[in-house]
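# Results of the structural survey
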Amino acid sequence: MGTRFVLFLCCSLSLLASHPKKVINYEVSYIGIPLLDMVLTWEEKDSSVHISYDNKLKPFIAYFHEIHNTYTVEFDKNSFSPLSWSKTVLEGDLQFQLSAERSGYGRTVNFSNGETKDFPTNAYTVFSATHYLASKASQADYFPATIKVFIDGEIWQARAYRFDRDNPHPEHHLESDEILIQTDLHYLSGKSLIADNDILTNVIATEGTQFLLWVTPEGTYTKAQFGRFPKAVLLNMIKN
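Remember, predicted model here, so these are calculated numbers, not experimental data. (Residues numbered from 1 in each chain as written. Predicted model: local features only at pLDDT ≥ 70, side-chain atom pairs only at ≥ 80, totals over all residues. Heavy atoms only, no water.)

## Description of the side chain of T125
To be explicit about the condition: Runs of H or I in DSSP of at least four residues are treated as helices and runs of E of at least two as strands, each being numbered from the N terminus. Working definition: with a 1.4 Å probe on protein chains only, accessible area under 20% of the residue-type maximum means buried, over 50% means exposed, and in between means partly exposed. A contact between two residues is defined here by any heavy atoms of the two lying within 4.5 Å.
Residue position: T125 is located in the loop between β9 (123–124) and α3 (126–135). Taking the relative accessible area as the measure of exposure, T125 reaches 5% and is therefore buried. Among residues more than four places away in sequence, those in contact with T125 are V73, P82, W85, V149 and F150.

Shown next as structure tokens:
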């Protein structure tokens, strides 16, 4: 019995060790002012990946106004197809929680508010699309690419372009080994389930929104930009 227990414990520890968590810290700024601290937690499972983005206002700003938003998504490890996702929003008087889970072989989405929507074939959520495109950054022949993004009941089309040292972006600088992915969003169909949405979703789900990702050769993004100046939202990785 003792030997079996030890073997069971070793196997359990081995499984836990194979599912490490990766934590990356970012700083979010708007019109050049650092406003939020964002923590990305990435956890790999046997066949899927679970990620969360925890956004909090910096302490000296939170004294005057409170923002604490958390976004999560679990997606298939190989295809990045989303399986479930959620967001918990606290922006002053705006407070709500919404979660979603796909069912029926992924053809429908059941939301925590009781709504059910059809899920577009081969579509992504905002954050699964972000990491999917980052994972493709090293594959020059994949771009330009068009994918669908499902945002709170709306279907958006994202057209992605790739830039590097040999094919520089006309406006944005790249380090020697960086890759820049530019994505332009266009509305296709559907109606949002949320009348008064969070700031990030409102920025993204706007016709013509541009989303930029600076990606390392390993597929991690060190910088991101939502929208255009002077109203661009910038994310910068905090390097240890």
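## Brief notes about α3
Among the 10 residues in α3, nine count as buried, and that is most of the element. Of all the residues in α3, the buried ones are V126, F127, S128, A129, T130, H131, Y132, L133 and A134.

## A look at the environment of H172
Assignment of secondary structure puts H172 in the loop between β11 (154–163) and β12 (179–190). Assessed through its relative accessible area of 15%, H172 is described here as buried. Along the primary structure H172 and D141 are separated by 31 residues, whereas in three dimensions their C-alpha atoms are 21 Å apart.

## Let's talk about the pattern of salt bridges
Oppositely charged side chains can form a pair if their charged atoms are brought close together. So the rule is basically this: Throughout this description, the term salt bridge denotes a Lys or Arg side-chain nitrogen within 4 Å of a carboxyl oxygen of Asp or Glu.
A full pass over the atoms with the stated rule returns seven salt bridges. Notably, a salt bridge pairs K77 with E44, separated by 3.8 Å at the nearest N-O pair. You can see K77 sitting in the loop between β4 (68–76) and β5 (82–91) and its partner E44 sitting in strand β2 (residues 33–44), a full 33 residues away along the chain. Taking relative accessible area as the criterion, K77 reaches 28% and is therefore assigned partly exposed. We classify E44 as partly exposed; its relative accessible area is 31%. Among the salt bridges present, the one from K45 reaches E74, with a minimum N-O distance of 3.7 Å. Of this pair, K45 sits in the loop between β2 and β3 (48–57) while E74 sits in strand β4, and the two are 29 residues apart along the sequence.

## A few points about the side chain of D184
Keep this limit in mind: Throughout this description, a polar contact denotes any pair of N or O atoms lying within 3.5 Å of each other; where both atoms belong to protein, one of them has to be capable of donating a hydrogen while the other can accept it, and for residues adjacent in sequence the pair is counted only when both atoms sit in side chains.
Within the secondary structure, D184 sits in strand β12. We classify D184 as buried; its relative accessible area is 15%. Polar side-chain contacts of D184 include one of 3.3 Å to the side chain of Q182. One polar contact links D184 to Q210, side chain to side chain, over a distance of 3.4 Å. Other than its neighbours up to four places away in sequence, D184 contacts Q157, A158, R159, Y161, T209, Q210 and R228.

## Looking at the pairing of strand β1 (residues 21–30)
Two faces make up the sheet, and in a regular strand the side chains alternate between them. Condition: Two strands form a pair only when DSSP identifies at least two bridges running between them.
Bridge analysis of β1 against β2 gives 10 bridges, and the strand direction is antiparallel. Along β2, the bridge assignment pairs V28 with L36. Taking the residues that link successive antiparallel strands as the turn, the β1-β2 hairpin has two residues, and the phi of I31 there is positive, at about 45°. Note: β1 against strand β15 (residues 233–237), five bridges, orientation antiparallel. If you follow Y30 over to β15, its bridge partner there is V233.

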